[in-house]
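# Coordinate inspection notes
Here's the letter readout for the chains.
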Amino acid sequence: MSEKLTDLAEWKALEDEASSLAQVHMRDLFTRDDARFDKLSGEAAGLFVDYSKNLVTEETVGKLLSLASARGLEDKRAAMYAGDKINETEDRAVLHVALRDTTHGKYSVDGEDVMPLIEEELSRMDRFCAAIHSGGHTGYTGKPLTTIVNIGIGGSDLGPVMITEALKPYWIEGRECHFVSNVDGTHLAETLAAVDPETTLFIIASKTFTTQETMTNAMSARDWFLQRGASEADVAKHFIALSTNAGEVSKFGIDTDNMFKFWDWVGGRYSLWSAIGLSIALQVGFENFRKLLDGAAAMDRHFETAPLNENLPALLALIGVWNRNFLDIGTHAVLPYDQYLHRLAAYLQQADMESNGKGVVMDGSAVSASTGPVIFGEPGTNGQHAFYQLIHQGTDKISADFIAPALSHNPLGDHHVKLLANFLAQPEALMRGKTTDEVKAELGDSIPADRLDMIARHKTFTGNRPTNSILMERLTPETLGALIALYEHKIFCQGVIWGINSFDQWGVELGKVLAKAILPELAERGQDKPAATAHDASTNGLIDRINRIRKS
Ligand code: F6P
């Protein structure tokens, strides 16, 4: 068994560091060092990252870098790029970086060069997009297919939705795109009500092609299509599959000629760069999809080659570990100041929480330190009027990433400078805070003397709350690709520090299994069912109550 993380000398040095900084305020760190911003910020692949508003000094960062060395981060990074099976519990390589390598580096898995496979699939996607866009591939009544319905869930949905929404300024005119994920029939029914079968292409996106939600939605979409005058033979024109599982795709009834494939070394939540991104390419054009890959590749090169003390994903990861493990901050907010990024937090919830929400280290023993934080977020400025109160004055500290483009796609009056002013003001307020004396001085004699102290305390901000600011010139396919790759590598680095497997997701299995067991115990409408006995009293009681309602 490898040495426990918390027993490492480098870990203990960081615990001492946290004690020595316990009484320090970031405000004073800024006052003390004029060069703090320059020292604790960096730029790569079109992204500028300022991490100076964290409770760290250069020494703290040095100690975090020592921890990274002690955990073999550089070797683990090299192992990922080399196609080693670093996803040990599933015995898989982790090579999403190969999917976007525009320099055509060498990547192999089990001795097989994967680059020709990737290029071939990208060419097929390119040709398919051209056929759909040109009207060469038409629907069963000869009309062009202008509407896409992507049916998938988790990694087969969140990435494509988030990217498609983020790249709305790049949408091809006259095309529309819908995403159906939830097994709640409402999601599919509402979507189908808005589309025309003659002009709709259904994309069934599922790595395994066995996911209950996706298969159920796909079957119902197929039935709906057939009930609208189309024949079985027409299905081939309107249904395509994105998957690693050709056998299941055929069983479902989709010809494997209409399947775009990817491979088991592409994790579900890292798959938007693969065939899973076909909905993106259809909506914004294949050229823009390529640019998205290029942007990610630029960040990949930075991550692979930059020394760790200049390496933005590694530095963000280490700052995250500092906040999580040494300052005991268990929640991290993702706050994009860009309406187009309104699904970013939802996307990163899966990317981060499914990757690093783990309780055992690689050898199966319990972790000795806390792992991934809770991720949540909303676009600014909306969040400011909802949950920021707790971030500013709540009893639990929350760390946050503020993300913004300096230029807007919609330069409407002074909207964007107002947005940017808020993007800058919030981290400043969270860092600086406001002392009771400052509040009192500001209030002056506007408040009766007997109430002054009480009011001043309510208006006091402790500050010292950590944030990162990520700035880009404009939200483009390239900068978006780089942003997502930045987060992917950050998550990887944190997994390495914690010694966990960031690439499996056994935690979602148990619920799936139990749902399968419960399904036959639930009554159809009007059906009688015996009392449930197979579960705990709460679950049995809820089943019985649902069945009574469904019977009546
Ligand atoms: O939620 C578990 C999970 O396996 C995710 O990791 C994955 O992205 C999602 O389900 C969908 O899986 P699939 O693409 O195989 O349908």
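Source: prediction; values computed, not measured.

## What about the overall build of the protein?
When you go through the protein residue by residue, the secondary structure sums to 23 helices and 13 strands. In terms of overall dimensions, the protein is globule-like: its C-alpha atoms have a radius of gyration of 26 Å, near the 24 Å expected for 552 residues. Each principal axis of the C-alpha atoms in the protein carries an extent, and together these give about 80 × 60 × 60 Å. Looking at the protein alone, contacts between residues at least 24 apart form 74% of all its contacts between residues at least 6 apart. When the 52 basic and 75 acidic side-chain charges of the protein are each reduced to a single mean position, those positions are 4 Å apart.

## Focus on the site of the ligand
The ligand sits among 13 residues. The nearest are S156, S206, T208, T211 and E354. Between an oxygen atom of the ligand and a side-chain N or O atom of S156, the distance comes to 2.6 Å. One of the side-chain N or O atoms of E354 is found 2.6 Å from an oxygen atom in the ligand. Counting atoms within 2 Å of the grid points, the majority share of the ligand lands in the largest pocket.

## A word on the nonpolar core
Generally speaking, a soluble globular protein has its nonpolar side chains buried in company with each other. Membership of the largest hydrophobic core comes to 120 residues, with the highest contact counts inside it found for W265, L480 and L483. Ranked by residues supplied to this core, first place goes to helix α21 (residues 477–498) with 13 residues. Leaving out residues up to four positions away in the same chain, L483 has contacts with L47, L341, L344, I403, I470 and M472. Ranked by size, the runner-up nonpolar core spans 23 residues in total, among them Y140, L188, V195 and F209.

## Thoughts on the confidence of the model for the protein
Note that predicted coordinates carrying low pLDDT should not be read in detail. Confidence in the prediction of the protein, expressed as mean pLDDT, is 97, and 100% of residues score 70 or more. Model confidence for the complex: the whole-complex pTM is 0.98, and ipTM, which rates the interface, is 0.98.

## Structural notes on the UniProt feature "active site" (unreviewed entry) in the protein
The sites that UniProt annotates as "active site" (unreviewed entry) are E354, H385 and K512. A maximum C-alpha distance of 36.4 Å is found for the annotated residues, which run over 159 residues; spatially they are spread out rather than grouped. Those annotated residues from the list above that line the largest pocket are E354 and K512. Looking at the secondary structure, you find E354 in helix α16 (residues 344–356). Looking at where K512 falls in the secondary structure, it is placed in helix α22 (residues 509–518).

## Section: helix α1 (residues 9–21)
Under the 1.5 Å per step criterion, the end-to-end length of α1 is 18 Å for 13 residues, consistent within 8% with the ideal 18 Å. Residues of α1 that are buried include every one of W11, L14, E17, A18 and L21, and no others. Taken end-on, α1 shows its buried residues confined to a sector of 110 degrees, consistent with a single buried face. The exposed set on the far side of α1, more than 90 degrees from its buried face, consists of A9, D16 and S19. Turning to α1, the residues buried within the fold contact α4 (58–70) and α15 (312–326).

## Section: the sheet that holds strand β1 (residues 41–44)
Spatial ordering of the open sheet is given by β1-β2-β13-β12-β10-β11, a layout of six strands whose pairing is mixed. The sheet terminates laterally at β1 and β11 (374–376), the two strands that pair on one side only. Put simply, the sheet's adjacent strands are angled 15 degrees from each other on average, direction ignored. Pairing of strand β10 (residues 331–336) with strand β12 (residues 399–405), which is carried by five bridges, proceeds in the parallel orientation.

What counts as what
- Per chain, the residues get numbers from 1 upward, laid out in the order the sequence is written.
- Per-residue local features are limited, in this predicted model, to residues with pLDDT of at least 70; the limit for side-chain atom pairs, both in listing and counting, is 80 or more; totals at the level of whole chains, interfaces and linings are taken over all residues.
- Only hydrogens and water are set aside; all other atoms, that is, all heavy atoms of the structure, feed into the side-chain values.
- Runs of E in the DSSP output that reach at least two residues are strands. Runs of H or I that reach at least four are helices, and both are numbered from the N terminus.
- We compute the radius of gyration over the C-alpha atoms and compare it with the globule rule, which gives 2.2 Å times the number of residues raised to the power 0.38.
- What makes two residues a contact is simply this: any of their non-hydrogen atoms within 4.5 Å.
- A positive count includes Lys and Arg, and a negative count includes Asp and Glu. His and the chain ends are not counted in either.
- Each charge is placed at NZ for Lys, CZ for Arg, CG for Asp and CD for Glu.
- Proximity is defined per residue: if any heavy atom of the residue lies within 4 Å of a molecule or strand, that residue is considered near it.
- Here a polar contact is taken to be a pair of N or O atoms separated by no more than 3.5 Å, where protein atoms must pair a possible hydrogen donor with a possible acceptor and residues adjacent in sequence count only if both atoms sit in side chains.
- With a 1 Å grid laid over protein atoms only, a set of points is called a cavity when a 1.4 Å probe fits there but cannot get out and a pocket when it is open yet has protein on both sides within 12 Å along at least five of seven lines; lining residues have an atom within 4 Å of a point.
- To be counted as sitting in a cavity or pocket, a molecule needs more than half of its atoms within 2 Å of that site's grid points.
- The set of buried Ala, Val, Leu, Ile, Met, Phe, Trp, Tyr and Cys residues whose side-chain atoms join them within 4.5 Å is what this entry labels a nonpolar core.
- Exposure classes here rest on a 1.4 Å probe applied to the protein chains alone. A residue is buried below 20% of its type maximum, exposed above 50%, and partly exposed in between.
- Confidence per residue, as judged by the predictor, is encoded in pLDDT with a range of 0 to 100.
- UniProt positions are given in the numbering used here, feature names are shortened, and annotations may be inferred rather than shown by experiment.
- Multiplying 1.5 Å by the helix residue count minus one yields the expected span of that helix.
- What the arc covers is the set of directions going from the helix axis to the C-beta atoms.
- In this description, strands pair whenever DSSP reports at least two bridges between them.
- Interaxial angles span 0 to 180 degrees and are taken between N-to-C directions of axes, which are lines fitted to C-alpha atoms, for helices over the stretch in contact.

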